[in-house]
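Architecture at a glance
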Amino acid sequence: MSQANTPSVLFVCVHNAGRSQMAAGFLEQLAAGRIEVRSAGSQPAESVNPAAVTAMAEIGIDISTQQPKVLKTETVEESDVVIMMGCGDACPVFPGKRYEDWQLEDPAGQGVDAVKPIRDDIRSRVEALIAELLQSTESLENTQHETGDTQHGQ
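Being a predicted model, the structure only gives us computed values, none of them experimental.

Section: the sheet that holds strand E4 (residues 98–101)
Taken in spatial order, the 4 strands make up an open sheet running E2-E1-E3-E4, and their pairing is parallel. Edge strands, defined here as strands with exactly one partner in the open sheet, are strand E2 (36–41) and E4. Looking at each pair of strands side by side, their axes are set apart by 20° on average, direction ignored. By the bridge criterion, 4 bridges tie strand E3 (residues 81–84) to E4 in an arrangement that is parallel. Directly across from Val81, in E4, lies its bridge partner Arg98.

Written as structure tokens, this is what we have:
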């Protein structure tokens, strides 16, 4: 885990312009700072998908200022959980990291109405991920409190 037992999540898709940006937007808002959020793409686009921006804005989440970022080995290495969304073998694998492969339709080239169900699916998955990560973090903190262990790795 990263600083002060705050879990970190990296969302990865090919262009880092739709699915991973929506997931990061949900996690940022719903976790309210309790989880570190990252996103990247194996072949980043020039900008975030306008249909994804509109679909998220409709529910009060602004991802319009986000920029697609290239996937770097260090970003994966620094993350506790890596959520892959169609990036295939482009994501490096490190021991001790948790990897999940979320099978989601690619919103690239689709209109807002087609993106909304993808957005809603991502929200459900992010909500479940938050519940699981925060429960794990609370369990770790309780164990450390009971044993008097507040140092990482001891």
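Further notes follow.
Quick notes on helix H1 (residues 19–31)
The end-to-end C-alpha distance of H1 is 18 Å, a good match for the 18 Å that 13 residues give at a rise of 1.5 Å each. Residues Arg19, Ser20, Gln21, Met22, Ala23, Ala24, Gly25, Phe26, Leu27 and Ala31 constitute the buried set of H1. Positive phi shows up at Ala32, right after H1, with a value of about 50°.

Let's talk about helix H2 (residues 50–57)
Within the span of H2, buried status applies to Ala51, Ala52, Val53, Ala55 and Met56. The backbone nitrogen of Ala51 has a side-chain oxygen 2.8 Å away, supplied by the residue at the start of H2, namely Asn49.

Thoughts on the nonpolar core
Counting residues in hydrophobic clusters, the biggest one holds 31 residues, and the most contacted among them are Val9, Phe11 and Val126. Of all the secondary-structure elements, those providing two or more residues to this core are strand E1 (8–13), H1, H2, E3 and helix H4 (112–147). Ranked by residue count, the leading element in this core is H4, at 8 residues. If we ignore the near neighbours within four places in the chain, the residues touching Phe11 are Ser20, Ala23, Ala24, Leu27, Arg38, Ser39, Ala40, Ile83, Met85, Trp102, Val126 and Leu129.

Focus: the pattern of salt bridges
According to the stated counting rule, one finds 10 salt bridges in the structure shown. The shortest N-O distance in the salt bridge between Glu58 and Arg119 comes to 3.9 Å. Here the residue Glu58 occupies a position in the loop between H2 and helix H3 (73–77), and Arg119 occupies one in helix H4, the gap between them amounting to 61 residues. Arg119 gets classed as buried once you look at its relative accessible area, which sits at 6%. Here Glu127 makes a salt bridge to Arg123, at a shortest N to O gap of 3.0 Å. Of this pair, Glu127 and Arg123 both sit in helix H4, 4 residues apart, which is roughly one turn of the helix. In this structure, a network of salt bridges that share partners links the residues Glu58, Asp113, Lys116, Arg119 and Asp120.

Let's talk about the packing of aromatic side chains
Across all of its chains, the model carries 1 aromatic pair by this definition. With a centroid separation of 6.0 Å and an interplanar angle of 55°, the aromatic rings of Phe11 and Trp102 are classed as tilted. Of the two residues, Phe11 sits in strand E1 while Trp102 sits in the loop between E4 and H4, which places them 91 residues apart along the sequence. By relative accessible area, which is 0% here, Phe11 ends up buried. With a relative accessible area of 6%, Trp102 lands in the buried category.

Rules used throughout
- Residues numbered from 1 in each chain as written.
- Predicted model: local features only at pLDDT ≥ 70, side-chain atom pairs only at ≥ 80, totals over all residues.
- Heavy atoms only, no water.
- Pairing = 2+ DSSP bridges.
- Helix = DSSP H or I, 4+ residues; strand = E, 2+ residues; numbered from the N terminus.
- Axes fitted to C-alpha atoms, helices over the stretch in contact; angles between N-to-C directions.
- Expected span 1.5 Å × (residues − 1).
- Buried < 20%, exposed > 50% of the residue type's maximum accessible area, 1.4 Å probe, protein only.
- Polar contact = N/O pair within 3.5 Å; in protein donor to acceptor, adjacent residues only side chain to side chain.
- Core = buried A, V, L, I, M, F, W, Y, C linked by side-chain atoms within 4.5 Å.
- Contact = heavy atoms within 4.5 Å.
- Salt bridge = Lys/Arg side-chain N within 4 Å of Asp/Glu carboxyl O.
- Phe/Tyr/Trp six-rings, centres within 6.5 Å; stacked < 30°, edge-to-face > 60°.

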